[in-house]
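Here is what each chain is made of, one letter per residue.
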Amino acid sequence: MTTSFPGKRLHSATRLLHAGAPALREGAGPVNVPVVRTSTVRFENTAAQADHHHRRTAGERVASYGRHGLDTHRALEDAVVGLEGGHRAFLTPSGLSAITLVLLALLSPGDHALVADGVYAPLRRVDSTLLQRLGITVEYFSPTHDDLASRLRPNTRLLYLESPSSLLYEVLDLPALSAVARDRGVTVATDNTWSGGWFHQPLALGANISIQAATKYISGHSDLMQGIVVVDSPALAAKLSTAYEALGLTIGADDAYLALRGLRTLPVRLAQHQRNATAVAEFLQQQPQVSRVFYPALPTDPGHTLWKRDFSGASGLVSFEFRHATPAAANAFVDALRLFGIGASWGGYESLALAAQPERLREHRQWTGDAPVVRLHVGLEDPQDLIADLSQAFAAGARAL
Ligand SMILES: *Cc1c(COP(=O)(O)O)cnc(C)c1O
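Being a predicted model, the structure only gives us computed values, none of them experimental.

What counts as what
- Counting from 1, residues in each chain are numbered in the order their sequence is written.
- For this predicted model, a pLDDT threshold of at least 70 governs which residues receive local features, and a threshold of 80 or more governs which side-chain atom pairs are given and counted, while totals over whole chains, interfaces and linings are taken from all residues.
- With hydrogens and water set aside, each side-chain value is computed from the structure's full complement of heavy atoms.
- DSSP-based pairing: two strands are paired if at least 2 bridges between them are found.
- In this text, helices come from DSSP runs of H or I with a minimum length of four residues, and strands from runs of E with a minimum of two, each type numbered from the N-terminal end.
- Buried Ala, Val, Leu, Ile, Met, Phe, Trp, Tyr and Cys residues that are joined via side-chain atoms within 4.5 Å together make up what is termed a nonpolar core.
- The cut-offs for exposure are 20% and 50% of the maximum accessible area for each residue type, with area from a 1.4 Å probe on protein chains only; residues under the lower value are buried, those over the upper are exposed, and the others partly exposed.
- Boundaries of every domain are those given by an automatic assignment or by a domain database.
- Should any heavy atoms of two residues lie within 4.5 Å, those residues are counted as being in contact.
- Aromatic pairing here means that ring centres of Phe, Tyr or Trp (its six-membered ring) are within 6.5 Å. Orientation follows from the plane angle: under 30 degrees is stacked, over 60 is edge-to-face, and everything else is tilted.
- Axis lines are fitted to C-alpha atoms, over the contacting stretch for helices. Their N-to-C directions set the angle, which ranges from 0 to 180 degrees.
- For this description, a residue counts as near a given molecule or strand if any of its non-hydrogen atoms is within 4 Å of it.
- Within 3.5 Å is the distance limit for a polar contact, defined as a pair of N or O atoms, with the added protein rule that one can donate a hydrogen and the other accept it, and that residues adjacent in sequence qualify only through two side-chain atoms.
- Areas reported here follow the Shrake-Rupley algorithm with a probe of radius 1.4 Å; residue values treat only the protein chains shown as occluding.

A word on the pairing of strand 13 (residues 352–355). Looking at chain direction, strand 12 (residues 341–342) and strand 13 are connected through two bridges and run parallel. Within strand 13, the position partnered with Ile 342 by the bridge is Ala 353. Where strand 13 and strand 14 (residues 373–377) come together, four bridges link them in antiparallel fashion. Each residue of the ladder has a partner; that of Ala 353, found in strand 14, is Leu 376.

Okay, here's the thing in structure tokens:
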């Protein structure tokens, strides 16, 4: 598959659609890369095996054993590197394992990491259970308020961000934060799950590492757990590779295939998520029971200007704060929803609702509210049906007050 016509580079949707596709084998080849499952990779002779092993150790993306993955894995890695614009991708069994991989690859005893306070909450458990035991210090800070430069220490090795943040979708000034960190030799990693890698390219804006839970939008169908790490340089690839191999990380070829299939429709799905979520967010803004709607594509959102500058679209996640409701009334609202399922995770085609835990909100240093917050993942249903469902649930929630 060619990536350009003579003299003309293809647009990113076209490149994504064909990324990692197998070469044409006339009358004998499929459109999609096959699912290549294996544990053993065989060689002609011992010299060939030694050569392969040597090339792999030197950083080449070749397999000498099933854990390294074969064609399906390479195709997904290529597609993801094309999407995020980096140097090399690593595929992990979940989004959380992608985060842990980055932390363990880059941090050593005595090191200090600065972490945005709005990050995906289970990262804090990695910190309290693993990193603290290893003598690594993690400091949480509010990247929209604090002065980053004053928090950097001589032993700071990593700035870890997520933009927009989990739950409240605070948009960070990634180029400015990255510039400060990189100036001091600090590696910048950011969680890009919200944008699916389609609406936002962190590596082009100054980050060194982009992390995604492919579980969410890349999969798109709520049938896969997977993480992806994309790094911007051979030096970082070597560090990640060492930790990846030591941890024995790998993914199955079937899961690599599912992620590739999801990638083909990522742009069209996200465009529809954005249309539906915008309709829902605008509806929520008009409800007397709602005091604030968190969705960066709304002109009233505090992150709107940065979002417009650094993102090309918005995903299906919309949170809102009730004006007066008790937690019981917010729960009654969620329980009354019929089209929105109740569940963690998101990024599939279906709509979901989740009553946010107050302790999770308080982790965001700038959160000062005390009313309940509900997070919606707006799926691909007809938005009129979603709005009708929300209307009847608000009525049910009001009765529970
Ligand atoms: C879900 C999520 C993760 C973790 O992904 P899993 O595949 O569920 O482990 C990481 N980051 C963000 C922002 C997420 O929403």
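Once the structure has been displayed, the description carries forward.
Within the largest apolar cluster, 117 residues are counted, with the highest numbers of intra-cluster contacts made by Leu 159, Tyr 160, Ile 209, Leu 240, Phe 320, Phe 333 and Leu 376. Of the residues that make up this core, three or more belong to each of domain 1 (12–264) and domain 2 (266–400). Discounting residues that sit within four places of it in the chain, Phe 333 has contacts with Phe 320, Phe 322, Val 374, Leu 390, Ala 393, Phe 394 and Gly 397.

Bringing the packing of aromatic side chains into the picture now. Two descriptors summarise a pair of aromatic rings, namely the distance from one centre to the other and the angle between the planes of the rings. Throughout the structure, instances matching the rule amount to 11 aromatic pairs. Relative to Tyr 244, the ring of Phe 90 lies with its centre 5.7 Å away and its plane at 50°, an arrangement referred to as tilted. With a gap of 154 residues between them, Phe 90 in strand 3 (residues 88–92) and Tyr 244 in helix 8 (residues 234–246) connect regions that are remote in the sequence. When its relative accessible area of 3% is taken as the criterion, Phe 90 is described as buried.

Let's shift gears to the sheet that holds strand 9 (residues 227–231). Taken in spatial order, the seven strands of this open sheet run 3-9-8-7-6-4-5, and their pairing is mixed. Each of the sheet's edge strands pairs with one partner strand only, and the pair in question is strand 3 and strand 5 (137–141). Strand-to-strand twist across the sheet, computed as the mean angle between neighbouring axes with direction ignored, equals 20°. Of the pairings in the sheet, the one linking strand 6 (residues 156–162) to strand 7 (residues 187–191) comprises five bridges and is parallel in character. When the sheet's bridge partners are listed, Leu 159 is paired in strand 7 with Val 188. Docked against the sheet, helix 3 (residues 71–84) engages strand 3, strand 8 (209–213) and strand 9, running at close to 125° with respect to strand 3. Against the sheet, helix 5 (residues 123–131) engages strand 4 (112–116), strand 5 and strand 6, with an angle of about 155° to strand 5.

With that settled, consider the site of the ligand. Near the ligand, the surroundings consist of 13 residues, among which Gly 95, Leu 96, Asp 191, Thr 215 and Lys 216 are the closest. Contact between the ligand and Gly 95: an oxygen atom at 2.7 Å from a main-chain N or O atom of the residue. Taking 380 Å² as the accessible area of the ligand by itself, protein coverage stands at 92%. Considering every element that reaches the shell around the ligand, the biggest residue donor is helix 4 (residues 95–106), with three residues.

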